[in-house]
Amino acid sequence: MKRTAVALAHPNIALSKYWGKRAGGGNVPAVPSLSVTLAGLATTTSVTFDDALAADTLRLNGAPAAEGALARATELLDRVREAAGLRARAHVVSTNDFPTASGLASSASGFAALAVAAARAAGLDLPAERVADLARQSSASAARSVFGGFVELDGEVARPVAPPGRIPLEVLVCVTTEAPKAVSSRDGMAVTAAESPYYAGWLETAPRLHAELRAALLAGDLEATCALAERSALAMHASAFAAGVVYVSGATLDALAAVRSLRSEGVSAYATMDAGPHLKCLVHARDAARATERLARVPGVLRVIRAVAGEGARVVDAAAGARSDDPAAEEPPR
Ligand code: DP6
């Protein structure tokens, strides 16, 4: 017997960052984080459980996936099989409509789409919180892509905090290289926790920045939200730097200088960076065109991708690509 479901998920960018895990395993973040799910960029994943298959298979962007990626997908599929009492292996096909080296975390949208599609294909009718928990165990930031708008991940629990329109935010992704990142976030945060003299400072600072950012967002204060996001990113990178974990490049710092120069001209523009050299500019929508034009001129910035807040992961009709009534697609409470 064959059972198929298709899901679509968007990447997300953390405004207050997750960096470091709790001791004890289970991939639980050491600090709370808050992200924005991005519309316009998507991973689409189909999962077919098939009794005739001898092993799970995974195709990523049109080619068979590497061993490591397949193993991580199988871990998630095993959790779904256990919950559903299912033994069939699965055929998984996943495609990103954005370049893998765009600096946008394809693992977040990838595991969110996989969790939603696998749960549905296995016949499970899970609330979005449970689907997010399945995704989190594979990649913590993926839990946030299950929901739309502004989303919090606190310990094991991901939840929507505010709808996409809460603040008029645009995210400008400044792509600085086509190369894959040298150090994964998983490894980078492990080295930071083990070796950074400032990791304790990060653990103390991050929850406070997160709480302040959350309050600013709920108050509809774009300026304060983005200012705190920049602080969170710089504090995260400072703790990593002190362990020898450096993700920024010259182009990242030049783009950061351009963001700060825009700010000195009265533009509400702030910067954030993840485990790679691509700077993301957080900007008021009214200034997005001006900021894009400025950032595109920074030496080393190859292109700028513009994105706004979007919806959470959802089951789509395989044929029509239409939205279904999946619970993960629910709008967050207003
Ligand atoms: C810098 O979620 O990729 O993007 O849980 O080990 O898969 P794993 O890590 P991952 O880490 C994301 C780190 C970050 C900040 C963030 O998204 O909060």
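Keep in mind that what you see is a predicted model, and the values were worked out from it rather than measured.

Asker: Looking at this structure, how should I read the side chain of Arg79?
Answerer: By the secondary structure assignment, Arg79 is in helix H1 (residues 67–84). One buried charged residue, Arg79, forms no salt bridge at all, with the nearest opposite charge on Glu75 at 4.7 Å. Apart from residues lying up to four places away in sequence, Arg79 is in contact with Leu134, Gln137 and Ser138.

Asker: Quick question: what am I supposed to make of the packing of aromatic side chains here?
Answerer: Pairs of aromatic rings are described using the distance from one ring centre to the other and the angle between the two planes. Applying the stated criterion to the full structure yields 1 aromatic pair. On the basis of an interplanar angle of 90° and a centroid distance of 6.0 Å, the ring pair of Trp19 and Tyr247 is categorised as edge-to-face. Linking Trp19 in the loop between strand S2 (12–16) and strand S3 (33–37) with Tyr247 in the loop between helix H7 (222–241) and helix H8 (250–264), this pair joins segments that are 228 residues apart in sequence. The pair formed by Trp19 and Tyr247 is uniform in burial state, with each residue classed as buried.

Asker: Sorry, what's going on with the sheet that holds strand S5 (residues 57–60) here?
Answerer: Within a sheet, neighbouring strands are paired by backbone hydrogen bonds and run either parallel or antiparallel to one another. Spatial strand order, S6-S5-S7-S4-S1-S14: 6 strands in an open sheet with mixed pairing. The two strands at the open ends of the sheet, each matched to only one other strand, are strand S6 (63–64) and strand S14 (314–316). Relative to strand S4 (residues 43–50), strand S1 (residues 2–9) runs antiparallel, the two being bridged by 8 bridges. Directly across from Ala7, in S4, lies its bridge partner Thr45.

Asker: What is the right way to read the pattern of salt bridges from this model?
Answerer: Once the charged atoms of two side chains with opposite charge are near each other, the side chains can pair. Inspection of every chain in the model, using the stated rule, returns 17 salt bridges. A salt bridge links Asp78 to Arg81, with the nearest nitrogen and oxygen atoms 2.8 Å apart. Taken together, the residues span about one helical turn, with Asp78 and Arg81 both in helix H1 at a distance of 3 residues. For Asp78, a relative accessible area of 36% gives the class partly exposed.

Asker: Honestly, the packing of H1 against helix H2 (residues 106–121) in this entry has me stumped. Any pointers?
Answerer: At a minimum axis distance of 10 Å, the contact between H1 and H2 shows a crossing angle of 35°. Between H1 and H2 lies a crossing whose hand is right-handed. Along its contact with H1, which presents Arg72, Ala73, Leu76, Leu77 and Val80, the element H2 presents Phe111, Leu114, Ala115, Ala118 and Ala119. Each residue belonging to the contact of H1 with H2 can be placed in one class, and the counts come to 9 nonpolar, no polar and 1 charged.

Asker: Quick question: what am I supposed to make of the domain arrangement of the chain here?
Answerer: Many authors give the size of an interface as the accessible area that is lost as the parts come together. Segmenting the chain into domains produces domain 1 (2–163 + 311–330) and domain 2 (169–309). Here the C-alpha centre of domain 2 lies 24 Å away from the C-alpha centre of domain 1. In this complex, domain 1 contributes 32 residues to the contact, which on the side of domain 2 involves 42 residues. Across the domain 1 to domain 2 interface the summed buried area is about 2900 Å²; carbon plus sulfur atoms make up 71%. Our enumeration of links across domain 1 and domain 2 arrives at 2 salt bridges.

Quick notes on the rules
Residues numbered from 1 in each chain as written. Predicted model: local features only at pLDDT ≥ 70, side-chain atom pairs only at ≥ 80, totals over all residues. Heavy atoms only, no water. Helix = DSSP H or I, 4+ residues; strand = E, 2+ residues; numbered from the N terminus. Buried < 20%, exposed > 50% of the residue type's maximum accessible area, 1.4 Å probe, protein only. Lys, Arg positive; Asp, Glu negative; His and termini not counted. Salt bridge = Lys/Arg side-chain N within 4 Å of Asp/Glu carboxyl O. Contact = heavy atoms within 4.5 Å. Phe/Tyr/Trp six-rings, centres within 6.5 Å; stacked < 30°, edge-to-face > 60°. Pairing = 2+ DSSP bridges. Axes fitted to C-alpha atoms, helices over the stretch in contact; angles between N-to-C directions. Left-handed = near helix turned anticlockwise from the far one by under 90°. Nonpolar A, V, L, I, M, F, W, Y, C, P; charged D, E, K, R; others polar. Domains from an automatic or database assignment. Buried area = accessible area lost by both parts, 1.4 Å probe.

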